[in-house]
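So you can see what is in the structure, the chains are spelled out below.
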Amino acid sequence: MQLLIVDDEAHWVENLSMHKPWHTLGIEQVHRAYSAREALQIIGTNPIDIVISDVLMPEMTGIELIERIREQDKRIKCIILSGHADFEYAKEALRHHAVDYLLKPPTNEELLGAAQTAIDQLKAEWENISSQERTQFALRENLPLLRGQLLLGAFRGERIAEEEWIRKLDMYGLPFRSGSCALALVRLEDEFGQYRGNGQHLVEYAIMNIAEEILQEFMGVWSVKEEHGYLAFLLQAKEHPAVDRPDILLEKLAMQIQAKVKQFLKGAVSIVVTDAFLFPEELPEQYRQAVSYFRQIVGDEQEFVMKVDGTKKTAAFGALDVIHGHPGLLNLAEAGRWDAAEDKLAAAFDELEDKGSESWEHCLEMGYTISSAFMHLAHRSGHTLADLIGPDMELLQSGEAFASIGKLRKWSLNALAKLREGTAHDAKNARSQYVQKIRDYVDKHLHLDVSLRALADYVNLHPTHLSKIYKLETGEGISDYVASVRMERACHLLKVTDKKIYEISADIGYLDPAYFIKVFKRQFDVTPQEYRDGR
């Protein structure tokens, strides 16, 4: 829980923030604001749960502050403090759903009691939001997408523990268990080309419905459109008395699907089906074989039903899996997950060494895959790979990097480290540019709105993101910087001009001269006029 205390009188802020046992309520952080504007900036950059605010403040009252808070986050709980037992203020506070209206000075019992009420309300609301009923509703709404993503991950070979498989299959309402399954891939043929970009998803949906209607009498069906554009169906047989030849049942059903698609949708499909295999452990390999059948056996021929030959073993030479597996090396590097990218390279080279140190083609395949990912990342960042890895580029150009597994491993890890360093430098440069833009804007527009929201809009970033970037680069918050510029500008104007105090206040962005005087005195321990007189 995070608490924000707002009051234009500093002694109230300090007393309430530093001398009350907030930790006993589970409040981990207490923020302080000396104006409503400052409070809104803090709320814009921190996950505030409760606000305790004075009712009478310059620029904006506590009631107006509640209204502004409600525009940003309706869940924040507000407690109003007042030195006056004014019924109208109390009524307005309650109308804006304030938790309580307390008179100054509140007792510890009153203050902590109001805060506890706010905490109880927050907990009740979040428990309702996260309740099982709402979770189940959201799950049902997104069920097709979740089911599809789970199956696509299984095709890619993403590893999931057996207990997690059981949990997800139950949660998603999928009638599947570990054991014997089969797979069918459906390819739409040329007649359906007219729908590309114009209703193809509706045709695919219709084909899936036809297939599921035919298959589900005999099998549990789990379908998704996979990354090559095929419609994929994972199937698990049900007990059925009419099935005398389960080994040929799937081929018969596939031909029925072809016929019904032809009859009702006026187009052809080709279908590849597999023999039974163990789900989930053998699914990735069976999926790869089924996909390869379209490329190697079916080819450009149309309206085929083809069964994968389960007795045909993959050639001993084999294929590299780790370097091509999900998530890809490029995806990891683009996301800045450098340690995960390094781990992926280590696992890929372990697999390569298992293939045999004499496998020059595997070494070449690995090298091309890695160097292609590195080049793409460099180009996306506005560089050439040579810019980022320097002399190591010569080893790639000469082919020396591919000479052995050991040399390729060393080159790849060195290049990855240099890419990491180069992108980190780019990120720092980008942050520096944002900082400079902010400072230039503040310098020119100090008399206007230089709130965090306005600055974030100027550089087209979210306020929270901008705040983090600025603090990471400079070590101070944006509001601290703006406040220091205002005081520095005020001191300069007081020394070198004869402007009135209210004119200087307006020049540096304070609408209320009295508030400017209060802030200035808190900073320098003298009023602006006393500062000017002592110059």
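The sections below set out a description of the structure shown in this document. Since we're looking at a predicted model, the values are computed, not measured.

Summing up its helical and strand segments, the protein has 23 helices and 11 strands in all. Over its C-alpha trace the protein gives a radius of gyration of 33 Å, far above what one expects of a compact globule, namely 24 Å for 535 residues. Projecting the C-alpha coordinates of the protein onto the three principal axes gives extents of approximately 100 × 65 × 45 Å. Within the protein, buried positions represent 43% of all 535 residues. A total of about 28900 Å² of accessible surface is found on the protein, and carbon and sulfur atoms cover 51% of it.

A word on the packing of aromatic side chains. Counted by the stated rule, this structure contains 17 aromatic pairs. Between Trp 165 and Trp 222, the ring centres sit 6.4 Å apart and the planes meet at 80°, which makes this aromatic pair edge-to-face. Taken as a pair, Trp 165 in helix H8 (residues 162-171) and Trp 222 in strand S7 (residues 219-225) lie far apart in primary sequence, 57 residues in all. By relative accessible area, Trp 165 is classed as buried at 6%. Look at Trp 222 and you get buried, because its relative accessible area is 2%. The interplanar angle of 35° and the centroid separation of 4.3 Å between the aromatic rings of Tyr 441 and Tyr 458 together place this pair among those described as tilted.

Another point: the nonpolar core. Judged by nonpolar contacts, the single largest core of 33 residues is most densely connected at Val 442, Leu 466, Ile 508 and Phe 516. Among the elements of the structure, helix H17 (405-445), helix H18 (452-459), helix H19 (463-474), helix H20 (478-496), helix H21 (501-507) and helix H22 (513-524) are those that each provide at least two residues to this core. The greatest single-element share of this core, amounting to nine residues, is contributed by H20. In terms of nonpolar packing, the next biggest core, distinct from the first, is built from 32 residues, Ala 341, Phe 349, Phe 374 and Met 393 among them.

With respect to the secondary-structure elements, Glu 110 resides in helix H5 (residues 108-129). Classification of Glu 110 as partly exposed rests on a relative accessible area of 39%. Expressed as a C-alpha distance, the spacing of Glu 110 and Tyr 205, which sit 95 residues apart in the sequence, is 61 Å.

Bringing the layout of surface pockets into the picture now. Taken as a whole, the second largest pocket spans an internal volume of roughly 930 Å³. Taken together, 34 residues form the lining of the second largest pocket, with Glu 38, Gln 41, Ile 42, Ser 479 and Asp 480 sitting closest to its centre. At the level of secondary structure, the elements contributing two or more residues to the lining of the second largest pocket comprise strand S2 (29-33), helix H2 (36-45), H18, H19, H20 and H22. The biggest single contributor to the lining of the second largest pocket is H20, with eight residues.

Moving on to the pairing of strand S8 (residues 231-237). For S8, a buried count of six out of seven residues is recorded, marking the element as mostly surrounded by other parts of the structure. The sheet contact formed by strand S6 (residues 179-188) and S8 spans five bridges and is antiparallel. Each bridged residue has a counterpart across the sheet, and for Leu 185 the counterpart in S8 is Ala 232. Across seven bridges, the pairing between S7 and S8 is antiparallel. Bridge pairing links Trp 222 to Leu 234 in S8. Linkage of S7 to S8, two consecutive antiparallel strands, is achieved through a turn of five residues, within which Gly 229 is found at a positive phi near 95°.

Moving on to empty space enclosed by the protein. Throughout the structure, instances matching the rule amount to two cavities of 30 Å³ or more. Each pocket or cavity is described by its volume, and for the largest cavity that value is around 40 Å³. Taken together, Leu 152, Phe 155, Arg 156, Glu 226, Glu 227 and Tyr 287 form the lining of the largest cavity. Split by residue class, the lining of the largest cavity holds three nonpolar, no polar and three charged. Space inside the second largest cavity adds up to approximately 40 Å³. Considering the residues around the second largest cavity, the lining is formed by Ala 184, Val 186, Leu 215, Phe 233, Leu 235, Leu 250, Ala 254, Ile 257 and Ile 271. Those elements giving two or more residues to the lining of the second largest cavity turn out to be S6, S8 and helix H10 (246-265). Here the lining of the second largest cavity takes three residues from H10, the largest share from any one element. By residue class, the composition of the lining of the second largest cavity is nine nonpolar, no polar and no charged.

Attention now goes to the pattern of salt bridges. The tally for this structure, following the rule as stated, stands at 24 salt bridges. One salt bridge in this structure joins Asp 170 and Arg 177, with 2.6 Å as the shortest N-O distance. Take Arg 177: its relative accessible area is 41%, and that puts it in the partly exposed class. Asp 350 is paired through a salt bridge with Arg 409; the nearest N and O atoms lie 3.6 Å apart.

Strands belonging to one sheet form pairs held by backbone hydrogen bonds; the direction of such a pair is parallel or antiparallel. With parallel pairing, the five strands of this open sheet are ordered in space as S2-S1-S3-S4-S5. This sheet does not close on itself; its edge strands, each paired only once, are S2 and strand S5 (100-103). If you compare each strand with its neighbour and ignore which way they point, the axes differ by 20° on average. The pairing of strand S1 (residues 2-6) with strand S3 (residues 50-54) spans four bridges and is classified as parallel. When the sheet's bridge partners are listed, Ile 5 is paired in S3 with Ile 52. Contacts between helix H1 (residues 10-18) and the sheet are confined to S1, S2 and strand S4 (77-82), with S2 contributing the most and set at about 180° to the helix.

With respect to the helices and strands, the residue Ser 451 is situated in the loop between H17 and H18. Within the structure, the side chain of Ser 451 is placed 2.9 Å from the side chain of Asp 449, a separation counted as a polar contact.

Following Lys 104, the chain continues to Pro 105 via a peptide bond in cis, the omega torsion being -10°. With respect to the helices, strands and loops of the structure, Pro 105 is situated in the loop between S5 and H5. In this chain, Phe 279 is followed by Pro 280 through a cis amide linkage whose omega measures 5°. A positive phi angle, near 60°, is found at Glu 303, a position not held by glycine. The residue Glu 303 is located in the loop between helix H11 (283-298) and strand S11 (305-307) in this model.

Residues spaced three or four apart along an α-helix face the same direction, because each turn holds 3.6 residues. Listed as buried for helix H3 (residues 62-72) are Gly 62, Ile 63, Leu 65, Ile 66, Ile 69 and Arg 70. All buried residues of H3 project into a common sector of 155° when viewed along the axis, lining one side.

Parameters at a glance
- Residue positions are given per chain, counting from 1 as you read along its sequence in written order.
- Where totals are concerned, whole chains, interfaces and linings use all residues; where local detail is concerned, this predicted model gives features only for residues with pLDDT of at least 70, and gives and counts side-chain atom pairs only at 80 or more.
- Heavy atoms throughout the structure, all of them, feed into the side-chain values; hydrogens and water do not.
- Secondary structure elements follow DSSP: runs of H or I of four or more residues count as helices, runs of E of two or more count as strands, with numbering from the N terminus.
- Using C-alpha atoms as the atom set, the radius of gyration is obtained and then compared with a globule rule of 2.2 Å times the number of residues to the power 0.38.
- The rule is simple: take the accessible area with a 1.4 Å probe, protein chains only, and divide by the maximum for that residue type; under 20% is buried, over 50% is exposed, in between is partly exposed.
- Every accessible area reported is derived by Shrake-Rupley at a probe size of 1.4 Å, with residue values counting cover from the shown protein chains alone.
- In this analysis, rings of Phe, Tyr and Trp, with Trp reduced to its six-membered ring, are considered paired at centre separations within 6.5 Å, and the interplanar angle assigns stacked below 30 degrees, edge-to-face beyond 60, and tilted for intermediate values.
- The set of buried Ala, Val, Leu, Ile, Met, Phe, Trp, Tyr and Cys residues whose side-chain atoms join them within 4.5 Å is what this entry labels a nonpolar core.
- Using a grid of 1 Å spacing that covers the protein atoms alone, one calls a set of points a cavity when a 1.4 Å probe fits there but cannot get out, and a pocket when the set is open and has protein on both sides within 12 Å along at least five of seven lines; lining residues are those with an atom within 4 Å of a point.
- Grid points are joined across faces, edges and corners, and a volume is the space filled by probe spheres set on the points.
- We call two strands paired when DSSP finds no fewer than two bridges between them.
- Following the grouping adopted for this structure description, the nonpolar residues are Ala, Val, Leu, Ile, Met, Phe, Trp, Tyr, Cys and Pro, the charged ones are Asp, Glu, Lys and Arg, and the polar ones are all others, Gly among them.
- Note on definitions: salt bridges are taken to be side-chain nitrogens of Lys or Arg within 4 Å of carboxyl oxygens of Asp or Glu.
- In this analysis, axes come from line fits to C-alpha atoms, helices being fitted only over the stretch in contact, and the angle between any two N-to-C directions falls in the range 0 to 180 degrees.
- Only heavy atoms enter the contact rule, under which two residues are in contact if any of them lie within 4.5 Å.
- Two N or O atoms count as a polar contact when they lie within 3.5 Å, although within protein this holds only if one can serve as hydrogen donor and the other as acceptor, and sequence-adjacent residues are included solely when both atoms are side-chain atoms.
- Arc, as used here, means the arc of the directions from the helix axis to the C-beta atoms.

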